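Chain residues, written in single-letter form:
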Amino acid sequence: MDLEFSPKEQEFRQEVRSWLEANVPATPLPSMDTEEGFRLHQEWEKKLFDARWAVVSWPKAYGGREAGLTEWLIFEEEYYRAGAPGRVSQNGIFLFAPTVFEFGSQEQQDRYLPKMASGEEIWVQGWSEPEAGSDLANVRSRADRDDERGGWVLNGQKIWSSRGTYGHRLFGLFRTDPESKRHHGLTYFMVDLASAGVTVRPIPQLDGEPGFAEVFLDDVFVPDADVLGGPGEGWKIMIATTGSERGLNLRSPGRFLAPADRLLALYQERGNGDQVLRDAAVQAWMDAEAYRLFTFGTVTKLLDGGQIGADSSINKVFWSQMDVELHATALKLLGGYGELDEGSPDAVDGARWLDGFLFALGGPIYAGTNEIQRNTIAERILGLPRAK
Amino acid sequence: MRLAYTEDQQLFRETVRDFLEGACTTDKLREAWAADTAITGRWTELAKIGVTGLVVPEEQDGLGLTDEEFAAVLESAGYAALPEPLLESAVAAGLLAEFAPGAGRLERIASGEATAAVLLPGQPFAIEAAQADVLVVGTTDNGVSEIHVLNPADCTLTAQRSVDRSRKLYKVEFAASPETLVASGDAAAKALARAADRGALGAAALLLGLTKRMLDMAVDYAKQRVQRGVLIGTHQSVQHHLANVLIKLEFARPVVMRAAYSLARDLPSAARDVSMAKIYAGEAADLAARNALQVHGAIGYTEEHDLQLFMKRAWALGAAWGDAGHHRDRVAADLLGGAPAQLTPTF
């Protein structure tokens, strides 16, 4: 074992830290799910991109630094330690981009990746439908062939599309073979949300802001150039994306280490020696640390040529529960101030703990509910027979 | 950065696991339950593959390895619920190596001829004290620490009976004298603290192995037990009980590995890291025991079923070497006692 960072990695950390100290906005930006906040977050992404910090693990040609996994973890630790803004482009750069790199043509990569990295185009998820939530294979939205125009005509409805309200392009699955069932006959499309026939209905989340949306598609034309991979290959390609979502990319340890440190500080300010809250705060800190160590183990495995696979389900259940507990503990420490939202003059720290709590509550649901994850763990790792 | 046991360490762990699969069957465990001592010829066999002398210095015929190898091997011992006092002997050996390396005691541990027993401050009982070649006792009175090396024959030993009957516990009354004293003051306090950390790390590693064993048993059972015409393992309620155990286990393992790493290097965070390891492994084993029992149903509630051999060891080890409350206090004191702790490293 070697749990030290190399001199080169420490140098990298110092470089990240210095840049962030000089550039992170002194006051937090408004929620990225408001019109103004969305724009300001896009501007922040551009600033990151211009300094080549937006997509550190990407190739240099697309604005990255070709950072390895360890450096990526370091970047994330520093990013959240500095209190930098949330990543409005995250569904693109973390979830979708790995798929574009693996399955996209050179032309598609050149056309989409630079604008994705700079925050100019924000990508929106198009997975769920009213009848296809955790049961994603039940997708009904369809795409019909249009040979004349050289493309497809899309009809249907997507829901819970994160960043859908203000975002620009959607990636998702559509049924191209009307005879097909379940995960067969699905194709992976990239849809310009400015196209004729697209209607976006914002859906306010628990925090009151429209963080996701319902997207209606009525005879929306999509050219062949915006099909990822071949017709019928959608499921295989989608699995690659959700793999990165549950695996490393979506929730780096840095995202929990920073609030865990802040939670201890909050306890020291307001804990009043309460033993129950002390144990809860310490547990949250230890869980963040355990998550970091677990991730080190995963990175080691990947560097040795291993795969994440179904292990990502173990990971997802853990971080989503940890995030809820961490923020619930903070609210208890705030006592009567915990319920104040950012509109209150006496809200503590701009009500960030309440905001974080409301955000965390989605964790056990999105990216495959934790119940689905436990089924996956039971069947694919423990080898139990398929649930009836 | 690399969080994984080396190939050599993994090989050592697998070798011990393979050996114990044959040498420490559940039938043999039941023999240990019935006997006055759990120490058998298996101890000598373990010595041949270096296990008994793992942390004994090379000068005394041991392997002179670190807490990393110690933790890796104890995971396998836990999986088999090895009844010999491997953990306790190693803790005693560490103290002997520092303060009383002579008289051939360490050599006899390494060769498998003998075991050593240990009683640290705060511990009520010593395991296999009557059988031991030597008994190492630590005391702390009015803030003054001492370490004594005793002949068990000179002590009054009162046998107790553990819920896990392979743990042969003794209450120890002894007469400390200048002749038995080998260390005192700060040196003794420091060594006793380190010995307690090694014990807690070892217990955490044993608990990892026990967790895996109980999970394996419950998974196997869920795959073959049919009720109402279906395998019980097809029920999501059963699946989720077992998935929850695996999640606990998979997150406890890197925590235990990091504690081994820190203790092997005597890093400033070692005590906190060890406490975290004991908490996480203890919780994993506790959940494994409860859920494995639930999945087995009534058959798991019997003495005739082997599950109890592992559950009872897990319960005993959960409280031994500092229970969760003790270790939570240590972590909290470290994190909240002084300046606010930072998870993100500073340099």
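Residues numbered from 1 in each chain as written. Chains lettered and ligands numbered in written order. Predicted model: local features only at pLDDT ≥ 70, side-chain atom pairs only at ≥ 80, totals over all residues.

(A) Representation of the overall build of chain B in the model. Per the secondary structure count, chain B includes 11 helices and nine strands. Taking 20 Å as the expected radius of gyration for a compact globule of 347 residues, we find that chain B reaches 20 Å, a close match to that expectation. Projected onto its principal axes, the C-alpha positions of chain B cover 70 × 55 × 40 Å. Burial analysis of chain B (347 residues in total) assigns 55% to the buried set. Residue pairs at least 24 apart in sequence account for 71% of intrachain contacts in chain B once pairs closer than 6 positions are excluded. (Helix = DSSP H or I, 4+ residues; strand = E, 2+ residues; numbered from the N terminus. Rg over C-alpha atoms; globule rule 2.2 N^0.38 Å. Buried ≥ 20, exposed ≤ 12 C-beta atoms within 10 Å, placed from the backbone. Contact = placed C-beta atoms within 7 Å.)

(B) Seen up close, the overall build of chain A. Secondary structure summary: chain A contains 11 helices and eight strands in total. Relative to the globule expectation of 21 Å for 388 residues, the C-alpha radius of gyration of chain A, 21 Å, shows essentially globular dimensions. Projecting the C-alpha coordinates of chain A onto the three principal axes gives extents of approximately 70 × 50 × 45 Å. Nonlocal contacts in chain A, meaning residues at least 24 apart in sequence, comprise 71% of its contacts between residues at least 6 apart.

(C) Fine view of the nonpolar core. Residues and elements named next belong to chain B. Formed by 226 residues in total, the largest nonpolar core has its most connected members in L135, V136, A204, L207, M214, L242 and V256. Ranked by the residues each element gives to this core, the list is headed by helix α7 (residues 185-224), at 20 residues. Not counting residues within four places of it along the chain, the set of residues in contact with L207 comprises G78, A281, G282, A284, A285, A314 and L317. (Core = buried A, V, L, I, M, F, W, Y, C linked by C-beta atoms within 7 Å.)

(D) Broad picture of the confidence of the model for chain B. Residue and element names in this part refer to chain B. When pLDDT is averaged along chain B, the result is 95, and 97% of the positions lie at 70 or above. In the predicted structure, residues 339-347 sits below a pLDDT of 50 and forms 16 contacts with residues beyond four places in sequence or in another chain. Overall fold confidence (pTM) sits at 0.95, and the ipTM for the predicted complex is 0.95. (pLDDT = per-residue confidence, 0-100.)

(E) Spotlight on the UniProt feature "domain: Acyl-CoA dehydrogenase/oxidase C-terminal" (unreviewed entry) in chain B. The UniProt feature table records "domain: Acyl-CoA dehydrogenase/oxidase C-terminal" (unreviewed entry) at residues 196-335 of chain B. Across residues 196-335 of chain B, the secondary structure splits into 79% helix and 3% strand, with the terminal C-alpha atoms separated by 20 Å. (UniProt positions renumbered as here; feature names shortened; annotations may be inferred.)

(F) A look at the pairing of strand β3 (residues 134-141) of chain B. Residue and element names in this part refer to chain B. Bridge count between strand β1 (residues 116-119) and β3: four bridges; the pairing is parallel. Following the sheet pairing, V118 is matched in β3 by V136. With seven bridges joining them, β3 and strand β4 (residues 144-150) adopt antiparallel strand pairing. Across the sheet, V136 pairs through a bridge with V149, a residue of β4. The hairpin formed by β3 and β4 contains two residues between the paired strands, and N142 there has a positive phi angle of roughly 50 degrees. (Pairing = 2+ DSSP bridges.)

(G) Quick look at the sheet that holds strand β2 (residues 126-127) of chain B. Residues and elements named next belong to chain B. If you walk across this open sheet you meet the three strands as β2-β6-β5, and the pairing is antiparallel. This sheet does not close on itself; its edge strands, each paired only once, are β2 and β5 (156-159). Bridging between β2 and strand β6 (residues 169-173) involves two bridges; their strand directions are antiparallel. Its bridge partner being in β6, I127 is matched across the sheet by L169.

(H) Just the environment of M32(A), in detail. Residues and elements named next belong to chain A. Summarising the element assignment, M32 is placed in the loop between α1 (7-23) and α2 (35-50). Sequence separation of M32 and S180 is 148 residues, and the distance between their C-alpha atoms is 38 Å. The residues touching M32, leaving out its near neighbours within four places in the chain, are G37, F38, H41, G86 and V88.

(I) Quick peek at the packing of helix α9 (residues 311-334) of chain A against helix α8 (residues 236-264) of chain B. Two elements in contact, α9(A) and α8(B), have axes separated by 10 Å at closest approach and are oriented at 90 degrees. Considering their axes alone, α9(A) and α8(B) lie roughly perpendicular with respect to each other. Touching I314(A), V317(A) and F318(A) of α9(A) are L246(B), I247(B), E250(B) and F251(B), all from α8(B). Residue composition of the contact of α9(A) with α8(B), by class: six nonpolar, no polar and one charged. (Axes fitted to C-alpha atoms, helices over the stretch in contact; angles between N-to-C directions. Parallel < 35°, antiparallel > 145°, perpendicular 65-115°, else oblique. Nonpolar A, V, L, I, M, F, W, Y, C, P; charged D, E, K, R; others polar.)

(J) Spotlight on the pairing of strand β1 (residues 123-126) of chain A. Residue and element names in this part refer to chain A. Both faces of β1 are covered, namely the face carrying W123 and Q125 and the face carrying V124 and G126. Examined bridge by bridge, β1 and strand β4 (residues 169-175) share four bridges and lie parallel to one another. Considered in β4, the bridge of V124 is made with L170.

(K) Seen up close, the UniProt feature "domain: Acyl-CoA dehydrogenase/oxidase N-terminal" (unreviewed entry) in chain B. UniProt marks residues 6-98 of chain B with the feature "domain: Acyl-CoA dehydrogenase/oxidase N-terminal" (unreviewed entry), using the numbering shown here. Helix makes up 66% of residues 6-98 of chain B and strand 0%, whereas the separation of the span's terminal C-alpha atoms amounts to 27 Å.

(L) Molecular detail of the interface of chain A and chain B. Counting residues at the interface gives 43 residues for chain A, matched by 39 residues for chain B. Mapped by element, the contributors of at least two residues to the side of chain A that touches chain B are α3 (69-81), α7 (254-270), α8 (275-303), α9 and α11 (370-381) of chain A. Of the residues contributing to the side of chain A that touches chain B, the split by class is 26 nonpolar, six polar and 11 charged.

(M) Spotlight on helix α5 (residues 86-99) of chain B. All names here are of chain B. A rise of 1.5 Å per residue sets the reference length of α5, with its 14 residues, at 20 Å; its end C-alpha atoms lie 20 Å apart and thus fit the reference within 8%. Taken across its 14 residues, α5 has 11 buried, putting it largely inside the fold. Three or more residues of α5 are buried, namely L86, L87, E88, S89, A90, V91, A92, A93, G94, L95 and L96. (Expected span 1.5 Å × (residues − 1).)

(N) Representation of unusual backbone geometry in the model. Residue and element names in this part refer to chain A. The phi dihedral of N272 is positive, around 55 degrees, even though this residue is not glycine. With respect to the helices and strands, N272 occurs in the loop between α7 and α8. Phi is positive for A351, close to 65 degrees, though the residue is something other than glycine. Here A351 lies in the loop between α9 and α10 (352-360).

(O) Examining the environment of G325(B) more closely. Within the secondary structure layout, G325(B) lies in helix α11 (residues 324-336). As for G325(B) and G282(B), which are separated by 43 residues in sequence, their C-alpha atoms are 11 Å apart.

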